[in-house]
Amino acid sequence: MKKPYLAAVFLLLLALLLPGCALEEEEDTLPLLILRYADNQPEDYPTTKAAEYFAQLMEERTHGKILIRVYPNGELGDENRVLEQVQFGGIDIARISMGTLSDYYPGIEVLALPYLYDDADHMWRVLDGEIGEEFLASSRQADVIGLSWFDAGARSFYTREPITCLEDLAGLKIRIQESDLMQRMVECLGAVPLKIQYGDVYSALQTGKIDGAENNWPSYESTGHFEAATYFLRDEHSRLPEMQVISTVALDKIAQIDEDYVTILKECAKECALYERELWKEREVEAEERVRELGVTVTELSAEELEKFREAVQPLYDSYPEEDQRIIDQIRNS
Ligand code: GCU
């Protein structure tokens, strides 16, 4: 009599324990936090791919405890609205162009001035150095936390009608980001700036609401702007790097779970940025090749003509106070 009784008790205990084990196991694999990451570029774009890589690294290194969900194509809103949401924690992470960021981050304009850098290497010496680190570290001034820099190449003008020199820009309506810096720059070059969100530029070009816009090769190609504005004036006026930012709310939440996860997040953000730079270089070449094949007319500028563009933006440089002039000199000498 004794043995069947014991067996029954054993089975009962087993039945009670098993679901418990399963539950514990399940709890162990559940994420503790899911972060929303906004990018206004399409899925196959260098920045978005790097964001996905960021998500993958985080999942691996936190063993699935902190997950990142990337929302491409501006699904979470246009860049300005996204940044404003990151400021109060409505969106956790975003990749923001310096053109947009400069209106929210006092002092950072000096990194985005026209004709500031000789080339991409020069820009990276600055951003990878003390100045770049300093601007990431002081980003709380913009109510966000800067994590790393992404490449976005050089921007040039493109128009519906042919333009080949500075004089041709006079009076043209040129779309710009919501950026006072870009507004002043375009005014210095004699054109009329119009602030329009990135997602609305295609139709503005098509309908003739604007005569042209300005951007880098991959954006010009991926948005299809080249279909409506087939003349590309390679003046490479601005290098606007991009910043990966996280909301202070999200970072505090992560720290509350485990301070180590904050360290991991910062490392992953830097690593994925290196990946983005590699992707960027390839995509820049591919995009240029593709639009050329599709019939875009590219005007290269002579050194003399380019000098006219540089001279035209000098008043912009002169408008900065001494404190900024010091940083500008430091950047130029880097
Ligand atoms: C680039 C940049 C975007 C930005 C856009 C613009 O494409 O990557 O983040 O929104 O320029 O001109 O608005």
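Now for a look at the structure at hand. Nothing here was measured: the structure is a model prediction, and the numbers come from that model.

Here is what the cut-offs are and how they apply
- Residues numbered from 1 in each chain as written.
- Predicted model: local features only at pLDDT ≥ 70, side-chain atom pairs only at ≥ 80, totals over all residues.
- Heavy atoms only, no water.
- Helix = DSSP H or I, 4+ residues; strand = E, 2+ residues; numbered from the N terminus.
- Buried < 20%, exposed > 50% of the residue type's maximum accessible area, 1.4 Å probe, protein only.
- Contact = heavy atoms within 4.5 Å.
- Areas by Shrake-Rupley, 256 points an atom, 1.4 Å probe, with all protein chains shown as cover.
- Lys, Arg positive; Asp, Glu negative; His and termini not counted.
- Charge placed at Lys NZ, Arg CZ, Asp CG, Glu CD.
- Patch = residues over 30% accessible without salt bridge, like charges linked within 9 Å, V, L, I, M, F, W, Y side chains within 5 Å.
- Salt bridge = Lys/Arg side-chain N within 4 Å of Asp/Glu carboxyl O.
- Phe/Tyr/Trp six-rings, centres within 6.5 Å; stacked < 30°, edge-to-face > 60°.
- Near = heavy atom within 4 Å.
- Polar contact = N/O pair within 3.5 Å; in protein donor to acceptor, adjacent residues only side chain to side chain.
- 1 Å grid on protein atoms, 1.4 Å probe; cavity = no way out; pocket = protein on both sides within 12 Å on 5 of 7 lines; lining within 4 Å.
- Sits in = over half its atoms within 2 Å of the grid points.
- Nonpolar A, V, L, I, M, F, W, Y, C, P; charged D, E, K, R; others polar.
- Pairing = 2+ DSSP bridges.
- Axes fitted to C-alpha atoms, helices over the stretch in contact; angles between N-to-C directions.
- Arc of directions from axis to C-beta.
- Expected span 1.5 Å × (residues − 1).
- Points joined across faces, edges and corners; volume = space filled by probe spheres on them.

Let us now look at the overall build of the chain. The secondary structure content of the chain amounts to 16 helices and eleven strands. Along the three orthogonal principal directions, the C-alpha set of the chain runs to about 105 × 45 × 30 Å. Expressed as a percentage of the 334 residues in the chain, the buried residues total 51%. Considering only contacts within the chain whose residues lie at least 6 apart along the sequence, 75% involve residues at least 24 apart. Total accessible area computed for the chain in this model is approximately 15700 Å², and 51% of it derives from carbon and sulfur atoms. Looking at the chain, you have 32 positive and 65 negative side-chain charges, and the mean spots of the two groups are 3 Å apart.

This part takes up a negative patch on the surface. Together, Glu282, Glu286, Glu289 and Glu293 give the surface a local cluster of negative charge. For Glu289, the position within the fold is in helix α13 (residues 259-293). Note on Glu289: relative accessible area 46%, which makes it partly exposed.

Across all of its chains, the model carries ten aromatic pairs by this definition. Here the aromatic rings of Tyr45 and Trp280 are separated by 6.0 Å at their centres, their planes lie at 70°, and the arrangement is edge-to-face. With a gap of 235 residues between them, Tyr45 in the loop between β1 (33-38) and α2 (46-61) and Trp280 in helix α13 connect regions that are remote in the sequence. Summarising the burial analysis for this pair, Tyr45 and Trp280 share the class buried. Consider the rings of Tyr158 and Tyr220, whose centres lie 4.3 Å apart with planes at 35°: the pair is tilted.

Moving on, we come to the site of the ligand. Neighbouring the ligand are Asn40, Gln41, Glu79, Arg95, Ser97, Arg155, Arg175, Gln177, Tyr198, Asn215, Ser219 and Glu242. Side-chain polar atom of Gln41 to an oxygen atom of the ligand: 2.9 Å apart, as the coordinates give it. In the environment of the ligand, an oxygen atom lies 2.5 Å from a nitrogen or oxygen atom belonging to the side chain of Glu79. More than half of the atoms of the ligand fall within 2 Å of the grid points belonging to the largest cavity. Grouping the amino acids of the shell around the ligand by side-chain chemistry returns one nonpolar, six polar and five charged.

What follows covers the sheet that holds strand β10 (residues 242-246). Ordered by their spatial adjacency, five strands build an open sheet running β2-β1-β3-β10-β4, and the pairing between neighbours is mixed. The open sheet terminates on both sides in strands that have one partner only, identified here as β2 (66-71) and β4 (145-150). Averaged over all neighbouring strand pairs, the angle between strand axes comes to 25°, with direction disregarded. On top of the sheet, α13 reaches β1, β2, β4 and β10; it is set at about 20° to β4, its chief contact.

For helix α6 (residues 130-137), every residue scored as buried is listed here: Ile131, Gly132, Phe135 and Leu136. Summarising the axial view, the buried residues of α6 lie within an arc of 135°, below the 170-degree limit, and thus occupy one face. Exposed positions of α6 whose direction lies more than 90 degrees from the buried face are Glu130, Glu134 and Ala137. Tucked inside the fold, the buried residues of α6 contact α5 (120-128), β4, β10, α13 and α16 (322-332).

Moving on to α13. With 35 residues, α13 ought to run about 51 Å at 1.5 Å a step, and its terminal C-alpha atoms sit 51 Å apart, in line with that. Directly beyond the C-terminal end of α13, a positive phi value near 105° is found at Gly295.

A few words now on the layout of surface pockets. Estimates place the volume of the largest pocket at around 300 Å³. Around the largest pocket, the lining is made up of 19 residues, and of these Tyr115, Tyr117, Asp118, Glu236 and Arg310 lie nearest the centre. Going through the elements one at a time, β9 (231-239) and α14 (303-312) are the ones with two or more residues in the lining of the largest pocket. Element by element, the count of residues in the lining of the largest pocket is highest for β9, at six residues. Its residues assigned to classes, the lining of the largest pocket comprises eight nonpolar, three polar and eight charged. Lining the second largest pocket we find 15 residues, and of these Asn40, Asn73, Gly74, Tyr198 and Gly199 sit closest to its centre. For the lining of the second largest pocket, a count of residues per class yields three nonpolar, ten polar and two charged.

Moving on, we get to empty space enclosed by the protein. What the rule picks out here adds up to two cavities of 30 Å³ or more. Looking at the largest cavity, its volume works out to about 150 Å³. Asn40, Glu79, Ser97, Gln177 and Tyr198 are, among the 18 residues lining the largest cavity, the residues nearest its centre. Secondary structure elements with two or more residues in the lining of the largest cavity: α3 (79-88) and β3 (93-97). Tallied by class, residues from the lining of the largest cavity come to two nonpolar, ten polar and six charged. The space that makes up the second largest cavity amounts to roughly 50 Å³. Residue lining of the second largest cavity: 13 residues in total, with Ala38, Asp39, Asn40, Gly77 and Val82 positioned closest to the centre. Of all the secondary structure elements, the ones that give two or more residues to the lining of the second largest cavity are α3 and β3. Sorting elements by how many residues they give to the lining of the second largest cavity places β3 first, with three residues.

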